Amino acid sequence: MGKKINFNVIAYFIISAFPILLISGPFLSDLSCILLSLIFVICNFKNNKWLEFIKNNYFYFYFIFFIYLNINSLLSFNLMISFSSSLPFIRIVLFIFALSFFINNNKKTYKGIYITSVISICFLFIDSITQYFFGLDIFGNSQASPNRISSFFRDELIMGSYVSRLLPIVLGVSFLFKFEKKYFFNLIILSIAGILVMLSGERLAGFYYIGLFIIYFLLTKKYFLKFGTLIIIFLVASISYKPIIIDRFYKDTINQISQTGSVFSYRHTLHYKTAYDMFLDKKL
């Protein structure tokens, strides 16, 4: 008799590895999303728990949204392109339920997510600092933009987005399992994340980060002065060493407001106007 496959263990490794897989690009993160969804479906078939899954109010919400997306695809001028986006959305629905199912079955997953997220942020920090000082990352790739650091994301300037969206998860799961010096480690991660967001030059990520920073310290009231001092020292040192880094946040924003009359760039403004015109054309 062969050994039984332990799907909970496989799911644990997939979920824990997800923060690192996101850095590698869309292929591995999408593949892990599909694999976890398939494992979830198999487990539900084996344990006869489909009724519990289907009777969930969240399932109704996502299912109706899935149907709505595909009705829109039917009305599209190019069915092939539209359905290629709307049909695979079911993997996201299954992935959400798979996360809930496997994390509830194995609470150690919180610790796994925290550890791999911290590792991801630290690797980005080492690589970004290398790129910041030498113009090349640890793999020898040159800086994609003179005033923006992209690290492992290369010509995709999304490092700030990645960090600012991962950070709430990192801080959140840290309160779901026990470990010593939690606030100290969170302070280090917050400091590193703030540096990465600034180096990335992403203004929206900067707003997200400031919002999270305020919420976190209002809730915890831990190490506020130490954190503020660390960030101020780094900001002063960075501006002194490479003033061009701060241009993205200050000068570019001022120029943008004078050109478009808002904080949105010319291209972003076109996106919003086009979206509104599309809505007027087909309101459904």
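Everything in this summary refers to the structure shown in the same document. (Residues numbered from 1 in each chain as written. Predicted model: local features only at pLDDT ≥ 70, side-chain atom pairs only at ≥ 80, totals over all residues. Heavy atoms only, no water.)

Details of the pattern of salt bridges
Now for step 1: Scanning the entire structure with this criterion turns up one salt bridge.
Now for step 2: Salt-bridge contacts for Arg91 lead to Asp30; the nearest nitrogen and oxygen are separated by 3.3 Å. With Arg91 in helix H6 (residues 90-105) and Asp30 in helix H2 (residues 26-47), the pair connects residues that are 61 residues apart, well separated along the chain. (Salt bridge = Lys/Arg side-chain N within 4 Å of Asp/Glu carboxyl O. Helix = DSSP H or I, 4+ residues; strand = E, 2+ residues; numbered from the N terminus.)

Things to note about the side chain of Ser32
Now for step 1: Examined against the element boundaries, Ser32 turns out to sit in helix H2.
Now for step 2: At a separation of 2.8 Å, a polar atom in the side chain of Ser32 contacts the main-chain carbonyl oxygen of Ser29.
Now for step 3: With near-sequence residues (within four places) excluded, Ser32 lies in contact with Ile14, Phe18 and Leu21. (Polar contact = N/O pair within 3.5 Å; in protein donor to acceptor, adjacent residues only side chain to side chain. Contact = heavy atoms within 4.5 Å.)

Thoughts on the nonpolar core
Now for step 1: Leu36, Phe40, Phe102, Leu124, Val163 and Leu167 are the most contacted members of the largest nonpolar core, which totals 59 residues.
Now for step 2: Secondary-structure elements contributing two or more residues to this core are helix H1 (7-24), H2, helix H4 (57-74), H6, helix H7 (109-134), helix H8 (159-173), helix H9 (182-200) and helix H10 (203-220).
Now for step 3: Per element, the largest residue contribution to this core is nine residues, and it comes from H9. (Core = buried A, V, L, I, M, F, W, Y, C linked by side-chain atoms within 4.5 Å. Buried < 20%, exposed > 50% of the residue type's maximum accessible area, 1.4 Å probe, protein only.)

Considering a nonpolar patch on the surface
Now for step 1: On the surface, Phe63, Phe65, Ile67, Tyr68, Ile71, Leu74, Leu75 and Leu284 cluster together into a nonpolar patch covering about 730 Å² of accessible area.
Now for step 2: Within the element layout of this structure, Tyr68 appears in helix H4.
Now for step 3: Owing to a relative accessible area of 35%, Tyr68 belongs among the partly exposed residues under this scheme. (Patch = residues over 30% accessible without salt bridge, like charges linked within 9 Å, V, L, I, M, F, W, Y side chains within 5 Å. Areas by Shrake-Rupley, 256 points an atom, 1.4 Å probe, with all protein chains shown as cover.)

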